[in-house]
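One letter stands for each residue in the lines below.
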Amino acid sequence: QVSTFEDGRKKKTLVILGSGWGSISLLKNLDTSLYNVVVVSPRNYFLFTPLLPSCPTGTVELRSIIEPVRAITRKCSAEVIYLEAEATEIDPINNKLTIKQSTTVHSGHSGTDTGSSKPTVSEDISTSLQYDYLVVGVGAQPSTFGIPGVAEHSTFLKEVSDSIKIRRRLMEVIEAANILPKGDPERKRLLSIVVCGGGPTGVEVAGELQDYIDQDLRKWMPEVASELKVTLVEALPNVLNMFNKKLVDYTKQVFQDTNIDLRTNTMVKKVDDRAVIAQTKAQDGSSTTVEIPYGMLIWATGNAPRPIVRDLSSKIDEQKNARRGLLVDDKLLVDGSNNIFALGDCTFTKFAPTAQVAFQEGIFLAQHLKRLDDIESLKQKISAPGPQDNVDRMSKKLVKLESSLEPFKYNHQGSLAYIGSERAVADLVWGDWSNVSTGGTFTYLFWRSAYIYMCLSVKNQILVCLDWAKIAMFGRDISKE
Ligand code: FAD
Ligand code: NAD
């Protein structure tokens, strides 16, 4: 579809890949009347990931933290086309994108939707799109570091389908163990939940699982609840390494008080269908191999690039050394390209792969694309016939505009994490002048308010508050989905 501005200039086609923190922030802040905007994502909704760890146990319902892409595009200043598909190939020489129709949202290893056994409508519809500008915001997939057995036997926590899978498995192991007599080794194995990775994802999900055991399961199935054990395995000496040491120690203490078995200095080396095999380092430097049987394994060891990102990197010389994500300049332009931008977890920058960064990058890119359009518009005016002094004036303005293109500046507002038993930790930053590190119940209330504030829509804000009110009144539901 060719559309033009009033001055006859052809509108450029801007294709945005993904419907996550980066792409949706871009879309919400972009003047969509300046481009033909096409969004391509297999996920037809935005997912508020900060509350995803609360979903497997039912503290928050999944429907409360998702927002349809079309609810967002509907509010844009001009038409935005949304295609439910995944990009399978980017041709940076010919500015061409191949997409495959896909209703499947998966974390990236199994290649199938772990939450549903239904086949997708059609796996075969493939087509291509031409773009003038491309924004890659496809996020990352969970890392496995190629550790044998991880992709086959673990559950990740990245997508809605992962949360459904964890919940189903949790209910299955509880009910299966309940049939077996006390003291049976199989009962013990089933009632062992191992979480691998002591970053914020692992810590939050371990805390949420322990809450479920202590606050709900204990009322319904006290014997099973007392045997259900959550073990958090972390390769480094500490969990939550990005937080202040005081908060790391506080988290350790809370885990100890709530019976979460924290195994630091323990690196998982292999996984089979019943146990993780790990190497534990002692203080004297010696190491021993330990085997931890599990009924459910949740794997949360960070991010790895998606295949589409690896494929694009291999086609651009300047990206040949990009192992952990696309390399971009200070205006988020992909190194080695003049019309592909990238933002969020699919890039490798000096910033952590967080929603906070992706969100701010989206706002920046929306402003940058507006400035690029201003430049195009001015160039068109300069090339149109008219008096020379007008041309000189506009040429000066063009030089000024081009030199005033600002780089992306990240404003770190701090880090927050829920650690279970109604406690949270927060490392907050107020400008350049104040840092506050705090943990406890008050921080938990702050954590709740901050996440409510960050929700994308009023609908989500209300639904999340209602979910919290519901569990405060009736407890969490223990039935299978
Ligand atoms: P994503 O939000 O992952 O979005 C990627 C999008 O691309 C998705 O819509 C996906 O469907 C789509 N996509 C994938 N492949 C393709 C393809 N081939 N073609 C087209 N589209 C594709 N960060 C914080 O700052 N605070 C938190 O509290 C926090 N909590 C988190 C909790 C969890 C459980 C997790 C997993 C992450 C959390 N994060 C948090 C990190 C944060 O979610 C990510 O940094 C953020 O989602 C990155 O945004 P993104 O837009 O790059 O990617
Ligand atoms: P992460 O990269 O932050 O942490 C992964 C952890 O796994 C590391 O501590 C690492 O040492 C450990 N690990 C790696 N291999 C291991 C092995 N074989 N055995 C044992 N441990 C191993 O990953 P994440 O927690 O998934 O977070 C990903 C990103 O999302 C981060 O940038 C994080 O800040 C962000 N995030 C933020 C929040 C929040 O702010 N509350 C919540 C979730 C995620």
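Keep in mind that what you see is a predicted model, and the values were worked out from it rather than measured.

Caption draft 1: How the structure looks around the sheet that holds strand E7 (residues 96-101). One open sheet accounts for three strands, arranged E6-E7-E8; its pairing is antiparallel. Each having just a single partner strand, strand E6 (85-91) and strand E8 (126-130) make up the two edges of the open sheet. Going from strand to strand, the sheet's axes swing by 30 degrees on average, the running direction of each strand aside. Two strands pair when backbone bridges link them, and E6 and E7 are joined in this way by six bridges, in the antiparallel orientation.

Caption draft 2: Representation of the site of ligand 2 in the model. Ligand 2 sits among 25 residues. The nearest are Thr-201, Glu-234, Ala-235, Val-268 and Leu-416. In this structure, Ala-235 approaches ligand 2 through a main-chain N or O atom, which is 3.1 Å from a nitrogen atom. In isolation ligand 2 exposes 840 Å². Once the protein is present, 79% of that is buried. Residue assignment for the shell around ligand 2 shows that the elements contributing at least two residues are helix H6 (200-220), strand E14 (266-271) and strand E20 (414-420).

Caption draft 3: Main features of the nonpolar core. Judged by nonpolar contacts, the single largest core of 126 residues is most densely connected at Leu-17, Ile-90, Leu-97, Val-136 and Leu-369. Among the elements that line this core, the one with the most residues is helix H10 (residues 355-383), at 10 residues. A domain split of this core shows at least three residues from each of domain 1 (12-42 + 84-140 + 305-403) and domain 2 (150-302 + 413-474). Membership of the second largest hydrophobic core comes to 14 residues, among which are Val-150, Val-233, Val-271 and Val-276.

Caption draft 4: The arrangement of the state of the cysteines in detail. Evaluation of the coordinates by the stated rule reveals zero disulfides. Not part of a disulfide, Cys-55 finds its nearest cysteine sulfur in Cys-455, a span of 11 Å. The class for Cys-55 is buried, based on a relative accessible area of 6%.

Caption draft 5: Highlighting helix H8 (residues 245-257). Relative to the 18 Å expected for 13 residues at 1.5 Å per residue, H8 spans 18 Å between its end C-alpha atoms, a close match to the ideal helical length. Measuring from the side-chain oxygen of the N-cap residue of H8 to the backbone nitrogen of Lys-246 gives 2.8 Å; that N-cap residue is Asn-244. Phi turns positive, to about 70 degrees, at Asn-259, one or two residues after H8.

How each quantity is defined
Residues numbered from 1 in each chain as written. Chains lettered and ligands numbered in written order. Predicted model: local features only at pLDDT ≥ 70, side-chain atom pairs only at ≥ 80, totals over all residues. Heavy atoms only, no water. Pairing = 2+ DSSP bridges. Helix = DSSP H or I, 4+ residues; strand = E, 2+ residues; numbered from the N terminus. Axes fitted to C-alpha atoms, helices over the stretch in contact; angles between N-to-C directions. Near = heavy atom within 4 Å. Polar contact = N/O pair within 3.5 Å; in protein donor to acceptor, adjacent residues only side chain to side chain. Areas by Shrake-Rupley, 256 points an atom, 1.4 Å probe, with all protein chains shown as cover. Core = buried A, V, L, I, M, F, W, Y, C linked by side-chain atoms within 4.5 Å. Buried < 20%, exposed > 50% of the residue type's maximum accessible area, 1.4 Å probe, protein only. Domains from an automatic or database assignment. Disulfide = S-S within 2.5 Å. Expected span 1.5 Å × (residues − 1).

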